[in-house]
Amino acid sequence: MGILEKMRLDGKSAFVTGGARGIGKSVATALAEAGADVAIVDIDLDEAQKTATQIAGETGRKTIALKTDVTDPKEVDAMIDSLLASFGKIDIAFCNAGICINEPAESMTYEQWMKVINVNLNGVFLTARAAGKVMIQQGGGSIINTASMSGHIVNVPQPQCAYNASKAGVIQLTKSLAVEWATKNVRVNSISPGYIATELISNAPHLVPLIEKWNDIAPMHRMGKPEELQAVVVYLAGDCSSFTTGSDFVVDGAFTCF
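On a predicted model such as this, the values are computed, not experimentally measured, just so you know.

(A) Here's a closer look at the side chain of K12. Mapped onto the elements of the fold, K12 is located in the loop between α1 (3-7) and β1 (13-17). Judged by its relative accessible area of 19%, K12 falls in the buried class. With near-sequence residues (within four places) excluded, K12 lies in contact with G35, A36, D37, K89, D91, I92, A237 and D239.

Shown next as C-alpha cells:
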C-alpha cells in the first residue's frame, strides 16, 4: 500500500467534539474528505446539524450531529451509544471541545476556574476514556486530543491561568493514556495549536487589540488558519501513524521557539 492510500480513512468512523465550529468543523471536514464517516458532537445541536449537513453534502460521507455536554459522564456515554448505533464502531476520536476565560488569577472565581477545567481537561478525559473503552474491545483506534501551545508557554498579555493549566493537563493526560493503552493498539496523541483565526475570533471586535499584539510577537506575523491543522490530524487518525503515540504536535508558526 502506497503512502497516499495509507492516508485514506475509508471505512473508518470518527467523532469530533466541539465539531460545530472552528477547529472542530475544519477537522471534521478533513476526516470526511479522507473517507471517514463523522459524528459532529457539540453542545449546540442546531449548529452541529448545520455542519453535519454541509459536510455530508460536500463529501458524500455519512455525517450525524449529536448534542453532548462533554463534562457530563452520562451524556458522554449516551453519545457513544448513539454513535455506535449509527456507525457500529469508533475508529477515531478527536477530543477537541474547549473554552477560555481571560481573568486575572486574583479575581478569578472558583466557578470560572472549574468551568474551564471541566470542559478542557475533564471533558477530554471523559470523551477519550469512553472512546478508549470501545477501541480496546474493538482491537484498536486513534484518539487525538486538542491541547494548545498554552500548555507549553504562558500567553501574554491576556491572563488565562486556568486555560494554560488545563491544556498542560491535556498533554500529560495524553501521554499517560498512550502508555496505558500502548499494548492494546489504541494510540493517543495531541495537537497544540498556536493562535488560530477561527471565525469567532476573527469576527470579535474586542479581540482586535490582542490579535495585533499576537501578530506583532509571532515570527510569521500572522495567526494560523483552521485548515492548517487538518493534515496533522488526518495523519494521526490513519494507518500512516501506526508507531506514533504519546506525542504532542505543536502547530504554532514557531511561536513557542523563543
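(B) Main features of a nonpolar patch on the surface. A cluster of nonpolar side chains, contributed by V156, I217 and F258, occupies part of the molecular surface with about 290 Å² of accessible area. For I217, the location among the structural elements is in helix α8 (residues 208-217). Note on I217: relative accessible area 32%, which makes it partly exposed.

(C) Fine view of the nonpolar core. Judged by nonpolar contacts, the single largest core of 30 residues is most densely connected at F15, A39, L83 and I143. For this core, the secondary-structure elements that each account for two or more residues are β2 (37-42), β3 (63-67), α4 (73-87), β4 (92-95), α5 (110-138), α6 (161-180) and β6 (186-193). The contact partners of F15, leaving out residues within four places of it in the chain, are A39, V41, M79, I80, L83, I90, I92, A93, F94, T127 and A131. Counting residues in each nonpolar core, the second largest holds 29 residues, with A32, A36, A52 and A237 among its members.

(D) Region of the structure containing the environment of C240. With respect to the helices and strands, C240 occurs in the loop between α9 (230-237) and β7 (248-251). Distance in space between the C-alpha atoms of C240 and G151 is 26 Å, their sequence separation being 89 residues. Apart from residues no more than four positions distant in its own chain, C240 is found in contact with I3, K6, M7 and Y235.

The rules we used
- Residues take numbers from 1 onward in each chain, read along the sequence in its written order.
- This being a predicted model, a pLDDT of at least 70 is required before a residue's local features are given, and a value of 80 or more before pairs of side-chain atoms are given or counted; all residues contribute to the totals for chains, interfaces and linings.
- Note that water and hydrogens are dropped before the side-chain values are worked out from all heavy atoms of the structure.
- Helix and strand definitions here come from DSSP, where helices need a minimum of 4 consecutive H or I residues and strands a minimum of 2 consecutive E residues; each element is numbered from the N-terminal end.
- For every residue, the accessible area (1.4 Å probe, protein chains only) is compared with the maximum for its type, and the residue is labelled buried under 20%, exposed over 50%, or partly exposed between those bounds.
- Contacts: residue pairs with any heavy atoms within 4.5 Å of one another.
- For patches, a residue must show more than 30% relative accessible area and have no salt bridge; joins then use 9 Å for like charges and 5 Å for nonpolar side chains, namely Val, Leu, Ile, Met, Phe, Trp and Tyr.
- Working definition of accessibility: Shrake-Rupley area with a 1.4 Å probe, residue cover restricted to the visible protein chains.
- Criterion for a salt bridge: a side-chain nitrogen of Lys or Arg within 4 Å of a carboxyl oxygen of Asp or Glu.
- What is meant by a nonpolar core is a set of buried Ala, Val, Leu, Ile, Met, Phe, Trp, Tyr and Cys residues, joined one to another through side-chain atoms within 4.5 Å.

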